[in-house]
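# Tertiary structure, described
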Amino acid sequence: MKQTTTSPYLTSPLAWLTMALAAQMGWGAYPVLLRYLQTVSGLPGLSLLAVGNMVVLLIVAAVILPRVDRRIFRLRIVWLFGLLVVLRGITNLLATRYTLAVYAQIIYLMTPFIVALLSRVVLKEQLPRHTIKALTIALVGALFIVSGDWGATAVSTHRHDLLGVLFAILSSISLAFYMIVTRRSAASHASGEGLLLVHLISLFSFSLLASLLVGEDWGQWRSLTAVDWLVFAGLSLGVLLGANLGQIRSIQQLGAPVVSSMMAMRLVSALLFAGLLLGERLTSVWQLIGAGIIIVTITWYLRQA
């Protein structure tokens, strides 16, 4: 019998690790791209969410909708999941509009700690080892970063740090509940593909309706430059589609602990893209030390989980 061989690329652990790393770097760029498109390109935020998610929804629905059990749309926990998706999306949008993308990403990186604390309070689960210690060290690193001077950025006039940080904290709390509900939804046999569809449908429907209700001016879409469209493609196809699917596939192959242990690389990505697109750069040794503290601490903590 003739034997078939599988491509080494598809079975190599290194290939899946590379995919996982690329997905984390993509999510690290996400707040930067959101901030750029809102402040530099001038796109209304709700319309940006609507169009970005619509592009991905059309692609994903065409591929996976025929395979999804439609009964999932009758589950209450699934629509609770959809509500948390909307809360996360809107607060993320507002956070990146009002404060530095790097600040927002630092707060998002605290989500594992929030999940652990909420799981302890809501689900009565045992707190993972070293949670308080790691959270304290990470917060010290964050203080080193925020205490420094960023100088002039591409969109300095759009900064309202206190408001943006507040929305980023709310976004992280929403994401923590999102993760808890996602885990609980497994008891209702809600598939990952079905949840992805609900995610996209919820965010697209809400943002489109809200944009029309508040009267956002969609005319700005006609004024986008080639660079603006490239950034939008990076947001919609690169992050919302590519990084999302890359993360799902790498988790399936490597397991959630391995993939989540790379989460701190999102800060590296945020710093790289923020410096390139927005002029948001670390300007002192103490800020660099703070970034290093956060990356090492969160990576160590997630590897202990």
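Above this text is the structure in question.
Described in the following lines is the structure provided in the data block. (Residues numbered from 1 in each chain as written. Predicted model: local features only at pLDDT ≥ 70, side-chain atom pairs only at ≥ 80, totals over all residues. Heavy atoms only, no water.)

## Focus: the overall build of the protein chain
Looking only at helices and strands, one finds 13 helices and 0 strands in the protein chain. When the helices and strands of the protein chain are placed in sequence order, the string is α-α-α-α-α-α-α-α-α-α-α-α-α. A compact globule built from 305 residues should have a C-alpha radius of gyration of about 19 Å, and the protein chain, at 20 Å, falls within 12% of that. In the protein chain, which comprises 305 residues, the proportion classed as buried is 47%. Summed over all atoms, the accessible surface of the protein chain reaches about 15100 Å², with 69% contributed by carbon and sulfur. A gap of 13 Å separates the mean positions of the 21 positive and 9 negative side-chain charges of the protein chain. (Helix = DSSP H or I, 4+ residues; strand = E, 2+ residues; numbered from the N terminus. Rg over C-alpha atoms; globule rule 2.2 N^0.38 Å. Buried < 20%, exposed > 50% of the residue type's maximum accessible area, 1.4 Å probe, protein only. Areas by Shrake-Rupley, 256 points an atom, 1.4 Å probe, with all protein chains shown as cover. Lys, Arg positive; Asp, Glu negative; His and termini not counted. Charge placed at Lys NZ, Arg CZ, Asp CG, Glu CD.)

## With respect to the nonpolar core
In summary, soluble globular proteins display a tendency toward joint burial of nonpolar side chains. Tyr-30, Leu-37, Leu-48, Val-60, Ile-106, Phe-113 and Ile-294 are the most contacted members of the largest nonpolar core, which totals 74 residues. Examining the composition of this core, we find that 9 residues originate from one element, helix 3 (residues 45–64), more than from any other. Residue contacts for Leu-48: discarding those within four places in its chain leaves Leu-34, Leu-37, Gln-38, Leu-43, Trp-221, Phe-232 and Leu-235. (Core = buried A, V, L, I, M, F, W, Y, C linked by side-chain atoms within 4.5 Å. Contact = heavy atoms within 4.5 Å.)

## Remarks on the layout of surface pockets
Size it by volume and the second largest pocket reaches roughly 220 Å³. For the second largest pocket, the lining is made up of 14 residues, of which Ile-107, Met-110, Leu-135, Leu-139 and Ile-169 are closest to its centre. Residue assignment for the lining of the second largest pocket shows that the elements contributing at least two residues are helix 5 (101–108), helix 6 (111–122), helix 7 (131–146) and helix 8 (161–184). Here the lining of the second largest pocket gets 5 residues from one element, more than from any other, and that element is helix 7. A per-class count over the lining of the second largest pocket returns 13 nonpolar, 1 polar and no charged. (1 Å grid on protein atoms, 1.4 Å probe; cavity = no way out; pocket = protein on both sides within 12 Å on 5 of 7 lines; lining within 4 Å. Points joined across faces, edges and corners; volume = space filled by probe spheres on them. Nonpolar A, V, L, I, M, F, W, Y, C, P; charged D, E, K, R; others polar.)

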